[in-house]
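Given next are the chains, with one letter for each unit.
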Amino acid sequence: QVQLVESGGGLVQAGGSLRLSCAASGRIFSINVMGWYRQAPGKQRELVATITSRGRTNYADYMKGRFTISRDSASNTMYLQMNSLKPEDTAIYYCNAQGDWSVYWGQGTQVTVSS
């Protein structure tokens, strides 16, 4: 099993920044890809960004360079730096980890961007 704990969400004004963290524990060696997803009220959960165990990143097109995903292998922590936040970025942000046969989710952290 893998446990994921997100932190760093909160309320920020449009144009501001936040950094989300996801601390992973448990069978870390089984993880191939980690990522961030988000779900806004009334909408489906959508991809934000992913990062592989080798550090290869992938971003949703709507990011347009505003968000950066990274990870610290020493502390088993993944980050999402979010800049130039917009009200439409308001959502619950979820940490995700995928192994060969399993998918794990964190409990989510709320990000609210006020206009």
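The rules behind the values
Every chain is numbered on its own, with residues counted from 1 as its sequence reads. Per-residue local features of the predicted model are confined to residues with pLDDT of at least 70, and side-chain atom pairs are confined, for both listing and counting, to 80 or more; whole-chain, interface and lining totals are unaffected and use all residues. Side-chain figures throughout are based on the complete set of non-hydrogen atoms in the structure, without hydrogens or water. One speaks of a salt bridge when a side-chain nitrogen belonging to Lys or Arg is within 4 Å of a carboxyl oxygen belonging to Asp or Glu. The numbering of helices and of strands both runs from the N terminus, where a helix is a DSSP run of H or I of at least 4 residues and a strand a run of E of at least 2. Whether a residue is buried, partly exposed or exposed follows from its accessible area with a 1.4 Å probe, protein chains only, as a fraction of its type maximum: under 20%, in between, or over 50%, in that order. Only buried residues count toward a nonpolar core, which is a set of Ala, Val, Leu, Ile, Met, Phe, Trp, Tyr and Cys residues joined through side-chain atoms within 4.5 Å. In this analysis, two residues are considered to be in contact whenever any of their non-hydrogen atoms come within 4.5 Å of each other. In short, DSSP must find at least two bridges between two strands for them to pair.

A.B. asks: What is the right way to read the pattern of salt bridges from this model?
C.D. replies: Pairs can form between side chains of opposite charge once their charged atoms are near each other. Taken as a whole, this structure holds 3 salt bridges when the rule is applied. One salt bridge in this structure joins D89 and R66, with 2.7 Å as the shortest N-O distance. Of this pair, D89 sits in the loop between β8 (77–82) and β9 (91–98) while R66 sits in the loop between β6 (57–59) and β7 (67–72), and the two are 23 residues apart along the sequence. Here the two residues D89 and R66 agree in accessibility, since each one is buried. Connected via shared salt-bridge partners are R38, E46, R66 and D89.

A.B. asks: Would you mind going over the nonpolar core with me for this structure?
C.D. replies: A general tendency of soluble globular proteins is for nonpolar side chains to be buried together. Among the nonpolar cores identified, the biggest contains 29 residues, and L4, M34, W36, L80, M82 and Y93 are the most heavily contacted of them. When contributions to this core are tallied by element, the ones reaching two or more residues are β1 (2–7), β3 (18–26), β4 (33–39), β5 (46–52), β7, β8, β9 and β11 (109–114). Among residues more than four places away in sequence, those in contact with Y93 are E6, L20, W36, Y37, R38, V48, F67, L80, M82, G108, T109 and V111.

A.B. asks: I tried to follow the pairing of β9 on my own but got confused; where do I start?
C.D. replies: For a regular strand, side-chain orientation follows a simple rule: the groups alternate between the two sheet faces. Counting buried residues in β9 gives 6 out of 8 residues, a clear majority hidden from the surface. Direction of pairing for β4 relative to β9: antiparallel, over a ladder of 7 bridges. The partner of Y37 across the bridge, within β9, is Y94. Note: β9 against β11, 3 bridges, orientation antiparallel. Bridge pairing links I92 to Q110 in β11. Across 3 bridges, β9 lies against strand β10 (residues 103–105) in antiparallel orientation. Counted as the bridge partner of Q98 is V103 from β10.

A.B. asks: Help me out: how do you make sense of the pairing of β8 in this one?
C.D. replies: In terms of burial, β8 is largely enclosed, as 5 of its 6 residues are buried. Strand direction decides the pairing type here: β3 and β8, joined by 6 bridges, are antiparallel. Note on β8: the bridge partner recorded for L20 is L80. The turn linking β7 back onto β8 is made up of 4 residues, and N76 within it adopts a positive phi angle of 55°.

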